[in-house]
Amino acid sequence: MIILNTQGIVLKAVRYKDNDLILTIFTRKLGKIAALAKGAKKNKSSLLSSSQLFSYSNYTLKRQGNMYRVNQSDIIKSFYDLSYDLEAFSYATYITKLVESSTLENQTNNRLFVLLAQTLYLYTLDNIDKQFVTRAFELKFLDYIGFKPIVNRCVNCGEKNSNNFVFNAYEGGTLCESCSNMFNENKKIDITTIKLMEYILSNDILRCSKAKVSKYITYELQSILKQYLMIYLDGVNFKSLNLLSELEKE
Ligand SMILES: [Zn+2]
């Protein structure tokens, strides 16, 4: 019998039988796993709070066939309060869905784990631009799952100095002025947006969250990343994220 301890964040909790929950947990040591939290729905269960969505806890897990069973848990940070704020809840749901749908079972990704925990923490703060934090999350997330867009040079010829870079999601980054004619579907990109993307890629999200970014640049970044995510995250159901785009129109 294998028993192990690991930190984890609950990405999904689905009711099973009367009082049990099947959790999808993104763990530090095992990557994404499915785990049965037996009796977790009972009021007095010691597993109750660490079985809630977004919960960040220490889990003691026992392997059972293809699944794990939560033997014991100690909460580090619940993040459950995010459920009371529609904006924060929508963003938190969005990023946990991104992680859930694009990570493989049993594949660890420590940088992504830390990014998720830090971003959930940022959503609990009042004086924070959650829309911009979400864009920074998307960009760092793309990097950590292996789809980092190249923004410090031309993806085609390597040129670093061009007055008129464009962004081409299909080519995976920026194109210089002379190469841009060879490709279709270029998007306009402001030099400030390029610098911002470089900044986000080389700093942690806590630092990024302090950047003062204009609405125009956030909007341009959003438009670029949205297309990029659609191309590279095949199979992610962006329809389920409609609520978010409704909010962002406000
Ligand atoms: Zn070029």
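Before any of the text, the structure's been laid out above.
As a starting point, this report considers the structure included with it. In this numbering scheme, every chain counts its residues from 1 along its sequence in written order. A pLDDT threshold of at least 70 governs which residues receive local features in this predicted model, and a stricter bar of 80 or more applies before side-chain atom pairs are shown or counted, although totals over entire chains, interfaces and linings include all residues. Heavy atoms throughout the structure, all of them, feed into the side-chain values; hydrogens and water do not.

### Regarding the sheet that holds strand β2 (residues 20–27)
No. 1: Taking strand neighbours around the barrel as the criterion, the 5 strands line up as β1-β2-β3-β5-β4 in a closed arrangement whose pairing is mixed. On average, each strand axis in the sheet is tilted by 50 degrees relative to the strand beside it, whichever way the strands run.
No. 2: One ladder, built from 9 bridges, connects strand β4 (residues 56–64) with strand β5 (residues 67–77); its direction is antiparallel. Directly across from Gln-64, in β5, lies its bridge partner Met-67.
No. 3: Should any heavy atoms of two residues lie within 4.5 Å, those residues are counted as being in contact. To define axes, lines are fitted to C-alpha atoms, for helices over the stretch in contact only, and angles between the resulting N-to-C directions are given on a 0 to 180 degree scale. Numbering goes from the N terminus for both helices and strands, where a helix is a DSSP run of H or I of at least four residues and a strand is a run of E of at least two. Strands in contact with helix α1 (residues 86–102) are β1 (3–16), β2 and β3 (31–37); relative to β1, the strand with the most contacts, it is inclined by about 110 degrees.
No. 4: Its contacts with the sheet put helix α2 (residues 110–123) on β1, β2 and β4, and the angle it makes with β1 is roughly 60 degrees. A pair of strands is labelled paired if DSSP reports no fewer than 2 bridges between them.

### Observations regarding the nonpolar core
Considering soluble globular proteins, one finds that nonpolar side chains tend to be buried as a cluster.
No. 1: We define a nonpolar core as any set of buried Ala, Val, Leu, Ile, Met, Phe, Trp, Tyr and Cys residues linked to one another through side-chain atoms lying within 4.5 Å. Here the term buried applies to any residue with accessible area under 20% of the maximum for its type, exposed to any over 50%, and partly exposed to those in between, with areas from a 1.4 Å probe on protein chains only. In terms of nonpolar packing, the biggest core is built from 57 residues, with Leu-116, Leu-120, Tyr-123, Phe-137 and Phe-141 touching the most fellow members.
No. 2: Among the elements of the structure, β1, α1, α2, α3 (130–144), β6 (166–168), α5 (191–202), α6 (205–208) and α7 (215–232) are those that each provide at least two residues to this core.
No. 3: Dropping the residues within four chain positions of it, Phe-137 is found in contact with Ile-95, Leu-98, Val-99, Leu-115, Leu-116, Thr-119 and Ile-205.
No. 4: Listed in part, the 14 residues of the second largest apolar core include Leu-21, Ile-25, Ala-35 and Val-70.

### With respect to the sheet that holds strand β8 (residues 187–188)
No. 1: A sheet is described by the order of its strands in space; here 3 strands give the open sequence β7-β6-β8, paired in antiparallel fashion. In this open sheet, the two edge strands, each paired with only one partner strand, are β7 (173–175) and β8.
No. 2: Two elements, β6 and β7, share 3 bridges in a ladder whose sense is antiparallel. By the bridge assignment, Val-166 is partnered in β7 with Leu-175.

### With respect to a negative patch on the surface
No. 1: Patch building starts from residues that exceed 30% relative accessible area and form no salt bridge, then joins like charges within 9 Å and nonpolar side chains (Val, Leu, Ile, Met, Phe, Trp, Tyr) within 5 Å. Computed by Shrake-Rupley with a 1.4 Å probe, the accessible areas treat only the displayed protein chains as cover when residues are assessed. Counted as salt bridges are all cases of a side-chain nitrogen of Lys or Arg within 4 Å of a carboxyl oxygen of Asp or Glu. Residues scored as positive are Lys and Arg, those scored as negative are Asp and Glu, and His as well as the terminal groups of each chain are ignored. By convention, the point assigned to a charge is CZ for Arg, NZ for Lys, CD for Glu and CG for Asp. A cluster of acidic residues, Asp-85, Glu-87, Asp-126 and Asp-129, forms a negative patch at the surface.
No. 2: When its relative accessible area of 34% is taken as the criterion, Glu-87 is described as partly exposed.

### Notes on the environment of Asp-129
No. 1: With respect to the helices, strands and loops of the structure, Asp-129 is situated in the loop between α2 and α3.
No. 2: It is 9.5 Å that separates the C-alpha atoms of Asp-129 and Ala-211, two residues lying 82 residues apart in sequence.
No. 3: Definition of a polar contact: a pair of N or O atoms within 3.5 Å, with one able to donate and the other able to accept a hydrogen when the atoms are protein atoms, and with sequence-neighbouring residues admitted only if both atoms are side-chain atoms. For Asp-129, the side chain forms a polar contact with the main-chain nitrogen of Phe-132, separated by 3.1 Å.

### Details of α1
No. 1: The span expected for a helix works out to 1.5 Å for each residue beyond the first. Between the first and last C-alpha of α1 there are 24 Å, a value that for 17 residues agrees with the 24 Å anticipated at 1.5 Å per step.
No. 2: For α1, every residue scored as buried is listed here: Ala-88, Ser-90, Tyr-91, Ala-92, Tyr-94, Ile-95, Thr-96, Leu-98, Val-99 and Glu-100.

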